[in-house]
Amino acid sequence: MAIGTAGSTAIAGVVDAHHHVWRLDWPGHQWPDASLPAIHRDFAIADLRADSRGVDLAATVLVQSQPTDADTDRLCAIAAAEPLVGALVGWVDLAAADAPRRIAQLAAAPKLRGLRPMLQSIADTDWILQPALDDAIAAMIAHGLRFDALVQPRHLSALHRFAHRWPDLPIVIDHAAKPSAAAGGLDPWRDEIAALAACDTVWCKLSGLRTEQPPGEPAAALAPYVAHLVACFGERLMWGSDWPVLHLSGDDYGSWFQAARTLAELDPAGERSLFADSARRFYGLALP
């Protein structure tokens, strides 16, 4: 991915690689709760369209936010009916005995492209390495699904072993593994990210970083993190809004889009990769 200065022209056909929708009255809704008033309300695709005005949004990747089958089924229905959603990442209990059957069922949904266990909420850092998950992971590979890794820096060593154990499974690291930007911490995150990037089946999302910063800190402080991600992943790095969780940072959709563009410092071809083509390739979306 070539590095230069972000141009002043608009980027056409943006693909947002990571966003959510939810309704507080959906049965089984767990998060966000009232302790997060900035996002404790319903968010629908119509709200995303309104908040992303000014960005030429061509397609999005809708990602699960609740660890339930019911939530994934609801999202499948939303994705099927919504032209803007190009791909869906759902949830399956990978440790369940019937996980392979459930994975086969979901793989038939027209836009479901991947699954995301909520690893950041699991106390066992090495949970993903347990043999009890082998049948489920094999089923994901058999059905051509991708693995969204919702991880923190503590998981990166285990994720590296996981990637080598399953070399036929495409993996994308959500939110760059949430480095400790609030503390300005770069290491050992920096070396562990580089090790994962050396695996050509591992991709990464430039998303979720604003909410890892201290309140009020400008996006410019993320420069060393973004530069490292660009250098390590190149054309395997994709931009995501993490909307509406982004609102926890006090930022808005367009501001984060422009900040990411400025921080990445890419030429037009690099911007096209970051803001559209990388997500299209990873999630198997039709290229124009």
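The notes below deal with the structure included here.

What counts, and where the lines are drawn
- Residues numbered from 1 in each chain as written.
- Predicted model: local features only at pLDDT ≥ 70, side-chain atom pairs only at ≥ 80, totals over all residues.
- Heavy atoms only, no water.
- Helix = DSSP H or I, 4+ residues; strand = E, 2+ residues; numbered from the N terminus.
- Rg over C-alpha atoms; globule rule 2.2 N^0.38 Å.
- Buried < 20%, exposed > 50% of the residue type's maximum accessible area, 1.4 Å probe, protein only.
- Contact = heavy atoms within 4.5 Å.
- Lys, Arg positive; Asp, Glu negative; His and termini not counted.
- Charge placed at Lys NZ, Arg CZ, Asp CG, Glu CD.
- Polar contact = N/O pair within 3.5 Å; in protein donor to acceptor, adjacent residues only side chain to side chain.
- Core = buried A, V, L, I, M, F, W, Y, C linked by side-chain atoms within 4.5 Å.
- Phe/Tyr/Trp six-rings, centres within 6.5 Å; stacked < 30°, edge-to-face > 60°.
- Pairing = 2+ DSSP bridges.
- Right-handed = clockwise from strand over helix to strand, strands pointing away.
- Arc of directions from axis to C-beta.

1. A few points about the overall build of the protein
Part 1: When you go through the protein residue by residue, the secondary structure sums to nine helices and eight strands.
Part 2: Taking 288 residues into account, the globule formula puts the C-alpha radius of gyration at 19 Å, and the protein, at 18 Å, falls close to it.
Part 3: Considered along the principal axes of its C-alpha atoms, the protein spans approximately 50 × 40 × 40 Å.
Part 4: In the protein, which comprises 288 residues, the proportion classed as buried is 54%.
Part 5: The contacts in the protein between residues at least 6 apart in sequence include a share of 79% that link residues at least 24 apart.
Part 6: Taking the average location of the 23 positive side-chain charges in the protein and that of its 34 negative ones, the two points are 4 Å from each other.

2. As for the side chain of serine 241
Part 1: For serine 241, the location among the structural elements is in the loop between strand 8 (237–239) and helix 8 (253–264).
Part 2: The exposure class assigned to serine 241 is buried, which follows from its relative accessible area of 1%.
Part 3: Separated by 2.6 Å, the side chains of serine 241 and aspartate 16 make a polar contact.
Part 4: A polar atom in the side chain of serine 241 sits 3.0 Å from the backbone nitrogen of tryptophan 243.
Part 5: Those residues within four positions of serine 241 in sequence are excluded, and the remaining contacts are Asp16, His18, His19, Leu246, Tyr253 and Trp256.

3. Details of the nonpolar core
Part 1: Residues Leu94, Phe147, Phe162, Ile173 and Leu229 are the most contacted members of the largest nonpolar core, which totals 83 residues.
Part 2: Once residues within four sequence positions are removed from consideration, phenylalanine 162 is found in contact with Ile128, Leu129, Ile137, Phe147, Leu169 and Ile171.
Part 3: Formed by 15 residues, the second largest nonpolar core is a distinct cluster that contains Val172, Trp203, Tyr283 and Leu285.

4. So, the packing of aromatic side chains
Part 1: Applying the stated criterion to the full structure yields 11 aromatic pairs.
Part 2: Taking the centre distance of 5.0 Å and the plane angle of 45° together, the rings of phenylalanine 147 and phenylalanine 162 count as tilted. Here phenylalanine 162 lies in helix 5 (residues 156–165) and phenylalanine 147 lies in strand 5 (residues 146–149), a separation of 15 residues in the sequence. Exposure class is identical for phenylalanine 147 and phenylalanine 162. Each is buried.
Part 3: Centre to centre, the rings of tryptophan 203 and phenylalanine 282 are 5.3 Å apart; their planes meet at 55°, and the pair counts as tilted. Of this pair, tryptophan 203 sits in strand 7 (residues 202–206) while phenylalanine 282 sits in helix 9 (residues 268–283), placing them 79 residues apart in sequence.
Part 4: Taking the relative accessible area as the measure of exposure, tryptophan 203 reaches 13% and is therefore buried.
Part 5: Owing to a relative accessible area of 3%, phenylalanine 282 belongs among the buried residues under this scheme.
Part 6: By the ring-pair criterion, three or more aromatic residues cluster together here, those being Trp22, Trp31, Phe43 and Trp243.

5. Focus: the pairing of strand 5
Part 1: Residues Arg146 and Asp148 of strand 5 are buried on one face, and the alternating residues Phe147 and Ala149, pointing to the opposite face, are buried as well.
Part 2: Pairing of strand 4 (residues 112–115) with strand 5, which is carried by two bridges, proceeds in the parallel orientation. Bridge pairing links glycine 114 to arginine 146 in strand 5.
Part 3: Read from strand 4 through helix 4 (residues 134–142) to strand 5, the crossover connection turns out right-handed.
Part 4: The sheet contact formed by strand 5 and strand 6 (residues 171–173) spans three bridges and is parallel. From the neighbouring strand, phenylalanine 147 faces strand 6, where its bridge partner is isoleucine 171.

6. A closer look at helix 3 (residues 99–107)
Part 1: If you check which residues of helix 3 are buried, you get Ala99, Arg102, Ile103 and Leu106. Along helix 3, the residues classed as buried sweep out an arc of 100° about the axis, all on the same side.
Part 2: Looking at the buried residues of helix 3, the elements they touch are helix 2 (69–81), strand 4 and helix 4.

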